[in-house]
Amino acid sequence: TDFANEAKARGVLLKPADGDWVKPGRDYAETHHSPLTQIDQSNVSRLAPAWSVEVGSQGKIETTPIVANGVLYGTSTYSVVYAVDAKTGALKWYYQFTPHDIHDWDAQETPVLIDSNWRGQPRKLLIQANRNGFFYVLDRTNGEFLLGKQFLKKLNWADGIDAKGKPIMKEL
């Protein structure tokens, strides 16, 4: 039921699994604290990067990544959202909201992860209101575009989006 799904979602936000970081600040209380105990004062000086990943754009990470069920979700410059295996650093998928971005619509908004019914089927979704003026719904297991809708009353650079979710540029 919707009530059961909502209660489950609230539980995850209130107390995420120990290794998960489900929103900026980690949890609903914005504790900014991980309960993991493997790293402490005796071994922190021995930490080293385990992996790095290229996500199809140059630049930097734009938001606090979210980690859920062993997958890191993040955003980067040139309007990209991506999923990475948190243990191996293997890129699972990436989606570029605005290809050939000439307006610098960096994907600065933290994506939101939800488990919900989509067209009658349970799906794991990633949603984001992108800086380009469109709201997106992606399947977070594979990055498949499911829906895009304009959320600004007026856009002066795009005439909508195509079937793959890419903005249709206006002739300027």
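Refer to the structure printed above.
Now for a quick tour of the structure. Please read these numbers as outputs of a predicted model, since none were measured by experiment.

Definitions and cut-offs
- Residues numbered from 1 in each chain as written.
- Predicted model: local features only at pLDDT ≥ 70, side-chain atom pairs only at ≥ 80, totals over all residues.
- Heavy atoms only, no water.
- Pairing = 2+ DSSP bridges.
- Helix = DSSP H or I, 4+ residues; strand = E, 2+ residues; numbered from the N terminus.
- Axes fitted to C-alpha atoms, helices over the stretch in contact; angles between N-to-C directions.
- Phe/Tyr/Trp six-rings, centres within 6.5 Å; stacked < 30°, edge-to-face > 60°.
- Buried < 20%, exposed > 50% of the residue type's maximum accessible area, 1.4 Å probe, protein only.
- Salt bridge = Lys/Arg side-chain N within 4 Å of Asp/Glu carboxyl O.
- Polar contact = N/O pair within 3.5 Å; in protein donor to acceptor, adjacent residues only side chain to side chain.
- Core = buried A, V, L, I, M, F, W, Y, C linked by side-chain atoms within 4.5 Å.
- Contact = heavy atoms within 4.5 Å.

**Details of the sheet that holds strand 5 (residues 112-118)**
Taking strand neighbours across the sheet as the criterion, the four strands line up as 5-6-7-8 in an open arrangement whose pairing is antiparallel. Of all strands in the sheet, those with a lone pairing partner are strand 5 and strand 8 (145-150), marking the two edges. When strand polarity is set aside, the average angle formed by the axes of neighbouring strands in this sheet is 30 degrees.

**So, the packing of aromatic side chains**
By the definition in use, this model includes six aromatic pairs. Relative to Tyr 136, the ring of Phe 97 lies with its centre 4.5 Å away and its plane at 50 degrees, an arrangement referred to as tilted. Of the two residues, Phe 97 is situated in the loop between strand 4 (91-96) and strand 5 and Tyr 136 in strand 7 (residues 134-139); the sequence distance between them amounts to 39 residues. Here Phe 97 falls in the buried class, since its relative accessible area comes to 0%. Summarising the aromatic geometry, the rings of Phe 134 and Trp 157 are spaced 6.5 Å apart at their centres and angled 80 degrees between planes, so their arrangement reads as edge-to-face. With Phe 134 in strand 7 and Trp 157 in the loop between strand 8 and strand 9 (158-161), this residue pair connects regions lying 23 residues apart in the sequence. Note on accessibility: Phe 134 and Trp 157 belong to one class, buried.

**Structural notes on the pattern of salt bridges**
A complete count under the given rule lists four salt bridges for this structure. Between Arg 140 and Asp 115 there is a salt bridge whose closest N-O contact spans 2.8 Å. In this pair, Arg 140 sits in the loop between strand 7 and strand 8 while Asp 115 sits in strand 5, placing the two residues 25 residues apart along the sequence. Here Arg 140 falls in the buried class, since its relative accessible area comes to 7%. On the accessibility criterion, Asp 115 (41% relative accessible area) is partly exposed. Arg 123 is the partner of Glu 144 in a salt bridge, and the nearest nitrogen-oxygen pair spans 3.3 Å. Of this pair, Glu 144 sits in the loop between strand 7 and strand 8 while Arg 123 sits in strand 6 (residues 121-129), and the two are 21 residues apart along the sequence. What you see here is one network of salt bridges that share partners, running through Asp 115, Lys 124 and Arg 140.

**Quick notes on the side chain of Gln 128**
Of note, Gln 128 is situated in strand 6. On the basis of relative accessible area, Gln 128 is assigned to the buried category, the value being 2%. Within polar-contact distance, the side chain of Gln 128 engages the side chain of Asn 130 at 3.1 Å.

**Section: the nonpolar core**
One finds Val 81, Trp 93, Tyr 95 and Leu 138 to be the most contacted residues of the largest nonpolar core, which totals 15 residues. Only strand 2 (71-76), strand 3 (80-85), strand 4 and strand 7 provide two or more residues apiece to this core. For this core, the leading source of residues is strand 7, giving three residues. Once residues within four sequence positions are removed from consideration, Trp 93 is found in contact with Tyr 73, Val 81, Tyr 82, Ala 83, Leu 126, Leu 138, Asp 139, Arg 140, Thr 141, Asn 142 and Gly 143. Core analysis: the next-biggest nonpolar cluster, separate from the first, contains six residues, Val 67, Leu 72, Val 80 and Val 84 among them.

**Some words on the environment of Tyr 136**
In this structure Tyr 136 comes out as buried when scored by relative accessible area, which is 1%. Sequence-wise, Tyr 136 and Lys 149 are 13 residues apart; in three dimensions their C-alpha atoms are separated by 6.7 Å. Discounting residues that sit within four places of it in the chain, Tyr 136 has contacts with Tyr 95, Phe 97, Leu 126, Ile 127, Gln 128, Asn 130, Phe 145, Leu 147, Gly 148, Ile 161, Gly 165 and Pro 167. Side-chain polar atoms of Tyr 136 contact the side chain of Asn 132, separated by 3.2 Å. There is a polar contact of 3.3 Å between the side chain of Tyr 136 and the backbone oxygen of Gly 165.

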